[in-house]
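Spelled out, the chains give:
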Amino acid sequence: MVILVALGLPLLGALLLALFGARHYAAELNAAMSFATLVAVIFLVLRVLRHGSILALHEQFFVDSFNVFLVALTAFVGFTTSLFSRPYMRIEEQRGRLSPQRLRLYHSMYQLFMAAMFLALLTNNMGLLWVAMEAATLSTVLLVSLYRTRASLEAAWKYFILCGVGIAQALFGTILLYFAAEHILGRQGMTALLWTHLNAVKGQLEPRVLGLAFVFLLVGYGTKVGLAPLHNWLPDAHAEGPTPVSAVLSGLLLNVALYAVIRCKVLVEGSIGSYLPGHMLMGFGLLSAVLGAFFLWRQRDIKRLFGYSSIEHMGIITFAFGIGGPIANFAALLHMTVHSLTKSSIFFTAGHASQTAHTQQMDGIRGLVGISPTIGWGLMLGSLAILGMPPFGVFASEFLILTTAMREHPWTTPFLLIALGVAFAAIFRKVQPMVFGESDAPPLPHSPALVPVFIHLAMVLMLGVYIPFALAEWYRAAARLIGG
Amino acid sequence: MHPSHVIAELLKLLAASLLLISFAMLSRRRTQRLITLFAWQGSVLFISTLLVAYSAGLTELYYSAALTLLLKVIALPWILHRLIQRLGAQWDSETLVNIPTTMLVGLGLVIFAFGLAQPISRMATTITRNTIGIALAVIFLAFLMMITRRKAITQVIGFLAMENGLFFAATSATYGMPMVIELGIALDLLVGFFILGIFFFQIREQFDSLDLSNMEALKED
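The structure displayed is predicted, hence computed values, not measured ones.

A. The overall build of chain A, seen in detail. A count of helical and extended segments in chain A gives 19 helices and two strands. With the C-alpha coordinates of chain A rotated into their principal frame, the extents come out at 70 × 55 × 45 Å. A burial count over chain A gives 65% of its 484 residues as buried. Counting contacts in chain A only where the partners sit at least 6 residues apart, residues at least 24 apart contribute 81% of the total. Element-wise, carbon and sulfur atoms account for 68% of the exposed surface of chain A, whose accessible area totals about 15200 Å². Here chain A contributes 29 positive and 20 negative side-chain charges, whose respective centroids are spaced 3 Å apart.

B. Region of the structure containing the overall build of chain B. Counting secondary structure elements, chain B contains seven helices and zero strands. Sequence-ordered secondary structure for chain B, helices as α and strands as β, is α-α-α-α-α-α-α. For chain B, the spread of C-alpha atoms along the principal axes amounts to about 60 × 35 × 30 Å. At a minimum sequence separation of 6, the contacts of chain B that also span at least 24 residues come to 77%. When the accessible area of chain B is evaluated, it comes to approximately 9700 Å², of which 65% is carbon and sulfur surface. Computing the positive centroid from 15 side-chain charges and the negative centroid from 13, chain B places the two 10 Å apart.

C. Summary view of unusual backbone geometry. Residue and element names in this part refer to chain A. In the segment running from A228 into P229, the intervening peptide bond is cis, with an omega of 5°. Among the secondary structure elements, P229 is positioned in the loop between α8 (207-225) and α9 (233-240). For the bond running from P390 to P391, omega is 5°, close enough to zero to count as cis. For P391, the position within the fold is in the loop between α15 (373-386) and α16 (393-408).

D. Spatial organisation of the layout of surface pockets. All names here are of chain A. One number sums up the size of the second largest pocket: a volume of about 480 Å³. Considering the residues around the second largest pocket, the lining is formed by 18 residues, among which A72, L73, M459, L471 and W474 are closest to the centre. Counting only elements with at least two residues in the lining of the second largest pocket, the list comes to α2 (26-51), α3 (65-94), α13 (325-357), α18 (451-465) and α19 (469-482). The dominant element in the lining of the second largest pocket, judged by the number of residues it contributes, is α2, at five residues. Split into classes, the residues belonging to the lining of the second largest pocket amount to 17 nonpolar, one polar and no charged.

E. Seen up close, the nonpolar core. Residues and elements named next belong to chain A. Of all hydrophobic cores here, the largest spans 263 residues; its most connected members are W157, Y221 and F321. Examining the composition of this core, we find that 21 residues originate from one element, helix α6 (residues 150-185), more than from any other. In contact with Y221, other than residues within four places in its own chain, are L129, W130, M133, I167, A170, T174, A257, A260, V261 and C264.

F. A look at empty space enclosed by the protein. The full count for this structure, using the stated rule, is 10 cavities of 30 Å³ or more. Approximately 150 Å³ is the volume attributed to the largest cavity. Taken together, 18 residues make up the lining of the largest cavity; nearest its centre are A:W130, A:E134, B:F159, B:E163 and B:L189. Among the secondary structure elements, those contributing two or more residues to the lining of the largest cavity are α5 (126-144) and α6 of chain A together with α6 (152-174) and α7 (179-207) of chain B. Of all the elements, α7(B) adds the most residues to the lining of the largest cavity, at six residues. Considering only residue class, the lining of the largest cavity consists of 13 nonpolar, two polar and three charged. Considered as a void within the structure, the second largest cavity measures approximately 90 Å³ in volume. Lining the second largest cavity we find B:S64, B:L67, B:T68, B:L71, B:K72, B:E163, B:F167, B:E182, B:I185, B:A186 and B:L189. At five residues, the largest contribution of residues to the lining of the second largest cavity is made by helix α3 (residues 59-86) of chain B.

G. Focus on the packing of aromatic side chains. Throughout the structure, instances matching the rule amount to 18 aromatic pairs over all chains. Judged by centre distance (5.2 Å) and plane angle (35°), the rings of A:F84 and A:Y88 are tilted. With A:F84 and A:Y88 both in helix α3 and four residues apart, the pair spans about one turn of that helix. Taken as a pair, A:F84 and A:Y88 share a single burial class, namely buried. Between A:W157 and B:F200, the ring centres sit 6.4 Å apart and the planes meet at 40°, which makes this aromatic pair tilted. Of this pair, A:W157 sits in helix α6 while B:F200 is found in helix α7, placing the two residues in two different chains. A relative accessible area of 4% places A:W157 in the buried class. The exposure class of B:F200 is buried, given its relative accessible area of 1%. Aromatic rings pair up to connect A:F69, A:F330 and A:Y475 into one cluster. In this arrangement the basic side chain of A:R97 is found over the ring face of A:Y147, its NZ or CZ atom lying 4.0 Å from the centre. Sitting over the face of the ring of A:W195, A:R263 holds its NZ or CZ atom 4.4 Å from the ring centroid.

H. Spotlight on the environment of B:I120. Considering the arrangement of structural elements, one finds B:I120 in helix α4 (residues 99-123). Under the relative-accessibility criterion, B:I120 is labelled buried at 1%. For the pair B:I120 and B:Q202, spaced 82 residues apart in sequence, the C-alpha to C-alpha distance is 43 Å. Setting aside anything within four residues of it in sequence, one finds B:I120 in contact with A:L176, A:F179, A:L212 and B:I132.

I. Up close: the side chain of A:D64. All names here are of chain A. By the element assignment, D64 lies in the loop between β2 (61-63) and α3. Only 3.0 Å separates the side chain of D64 from the backbone nitrogen of F66, close enough to count as a polar contact. Apart from the residues lying within four places of it in its own chain, the contact partners of D64 are S53, R263 and L481.

J. Broad picture of the packing of α6(A) against α7(B). Interhelical geometry of α6(A) versus α7(B) gives an angle of 155° and a closest axis separation of 10 Å. When the axes of α6(A) and α7(B) are compared, the pair comes out roughly antiparallel. When you trace α6(A) past α7(B), the crossing you get is left-handed. Side by side, α6(A) and α7(B) meet where A:R150, A:L153, A:A156, A:W157, A:F160 and A:L171 of the first sit next to B:I185, B:G192, B:I195, B:L196, B:F199, B:F200, B:Q202, B:I203, B:Q206 and B:F207 of the second. Class assignment of the residues belonging to the contact of α6(A) with α7(B) gives a composition of 12 nonpolar, three polar and one charged.

Definitions and cut-offs
Residues numbered from 1 in each chain as written. Chains lettered and ligands numbered in written order. Predicted model: local features only at pLDDT ≥ 70, side-chain atom pairs only at ≥ 80, totals over all residues. Heavy atoms only, no water. Helix = DSSP H or I, 4+ residues; strand = E, 2+ residues; numbered from the N terminus. Buried < 20%, exposed > 50% of the residue type's maximum accessible area, 1.4 Å probe, protein only. Contact = heavy atoms within 4.5 Å. Areas by Shrake-Rupley, 256 points an atom, 1.4 Å probe, with all protein chains shown as cover. Lys, Arg positive; Asp, Glu negative; His and termini not counted. Charge placed at Lys NZ, Arg CZ, Asp CG, Glu CD. 1 Å grid on protein atoms, 1.4 Å probe; cavity = no way out; pocket = protein on both sides within 12 Å on 5 of 7 lines; lining within 4 Å. Points joined across faces, edges and corners; volume = space filled by probe spheres on them. Nonpolar A, V, L, I, M, F, W, Y, C, P; charged D, E, K, R; others polar. Core = buried A, V, L, I, M, F, W, Y, C linked by side-chain atoms within 4.5 Å. Phe/Tyr/Trp six-rings, centres within 6.5 Å; stacked < 30°, edge-to-face > 60°. Lys NZ or Arg CZ within 6 Å of the ring centre and 35° of its normal. Polar contact = N/O pair within 3.5 Å; in protein donor to acceptor, adjacent residues only side chain to side chain. Axes fitted to C-alpha atoms, helices over the stretch in contact; angles between N-to-C directions. Parallel < 35°, antiparallel > 145°, perpendicular 65-115°, else oblique. Left-handed = near helix turned anticlockwise from the far one by under 90°.

Interpretation note: all reported values are geometric properties and have no functional meaning in isolation.
This is how it looks when you write it as structure tokens:
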């Protein structure tokens, strides 16, 4: 029941905002709907804490330790982003970059996007998972092109075509999965698509068909994760869309896509009984981490810079899932959480920073601390956190990943170290002059909502020194489930 | 001859014509011709789904066939025609680089697709199991078309052709996905298509043409 409420609230929000999204209270309504969703998700989490995994509505939906924290994270970041977007979008409107009509589209699609991600996370049905992933793309395409500039249209077109083709590959993979499962589970009902049933019989599924299916699923959903060499759409979409959209794309959508990949990996690894899927994940992950880090050097646009940083981090997470085993999986899940919190907070500050300087070019952004200490220090702390400085949570997860990699696959260590080192130098060198230095730009007309930034960073800090018992329990259970 | 045998032969014929249409699409330059070919592809898909539904006695497949007829034979081609008329692009044609080379690459893709489909075909129990390779080939050829073309509308037709291939793959391998999923896919396709329609106008407003080679601002230097 509570699952349906959590899914229904953002849908209702999308409908309400489609009607009233152009009014002056639309931003507040958006935040209120996101908050209501968060409350519903908290009830869901409490139920899981009390009774364990839930299987609901003819087994079509399920919550286990793997998706419960992702659902909570999605609802939380969705809410804080809606708080950030309130003053941010108001300034954009005041500067004439957006009309009330466009804001209506933005608010409505924002809620629809949240609904699609919840559906993808909560469904037990591999077919519905595909439909939800596609819906998540569709609802964000028009958001990327919201400013209707040449560059934003180009970015949105690239996003649509690349992710569309990618997701078509994933559909073929899903068809193959269904084909293999139908021989064991039959056509009755939809059991041959339900993940829990598939997981129960994964040892009997035809390995060759599943191996082939995994290639298609990995390429398909991997495009949305932003894995190199399929990452082309990601920096453009992040740079050209409105900043709240960049924050939820980077912080949430990439996680959800990776979640889909890992669900598939569990099935395939159980079927073919070899480490092939893990090795494929390691390869893609390592390539993305290294390539993402090197591309950081060339960036001039602040949002593109952090878009590439997302590619690097998703690469590291994918690599860790590829290694598998209790420790690497645990670290990967932790990294998913802290990356999402940190990256969204960075986009909040980066958005306001470029509004202050009237440009996204990093050369034009100077002396943030002087203009607004909260923006300046928020960006600095966020960058330090994402670069893996102790005692932030990113350090803990990266340290775990690195030490596991050293023990299990020593040859990967230099690549990882290079990626981390290069990323550190590139980002720090670019953020430092933006934060400090001289500037005479006036402060923003609406005071920015930067409380979410510091809440996020405080949570990342906490996860670096202490992980709450329940969360650690979920991570451990999910790590066992993912295996490898 | 036994009726089921006749149906099986007919299905093979239809699959072959599907492949032929895919190759024809690769070599056509006029946008309008491409839309007509896409409608033909939909019709072949409709008839073959109908035949499979009849021979396997599955009601669900009749619904999918009806959905194919409505969406891919009638609605989408009609909207595409209207769209290019509104955009004044019905006589647009594009210069294609080296059709023979594209054809040869396509041929290679077909062989690759058949090789890839072999383990699946051997496992399948449907009467259409021999056509899984063709379905995969249709997907690859549509992909090739998307890569080689530079016009926004052509890329979209390639995208829709790819979806046709996927649908055909699902029917040949497993008599289609469950109905709910089929509907979800159709809904996504339709919504995506409408978004693209909006896009065409936005792109033309900004770039004065639907030629994507104008889009080069975001290249990495």
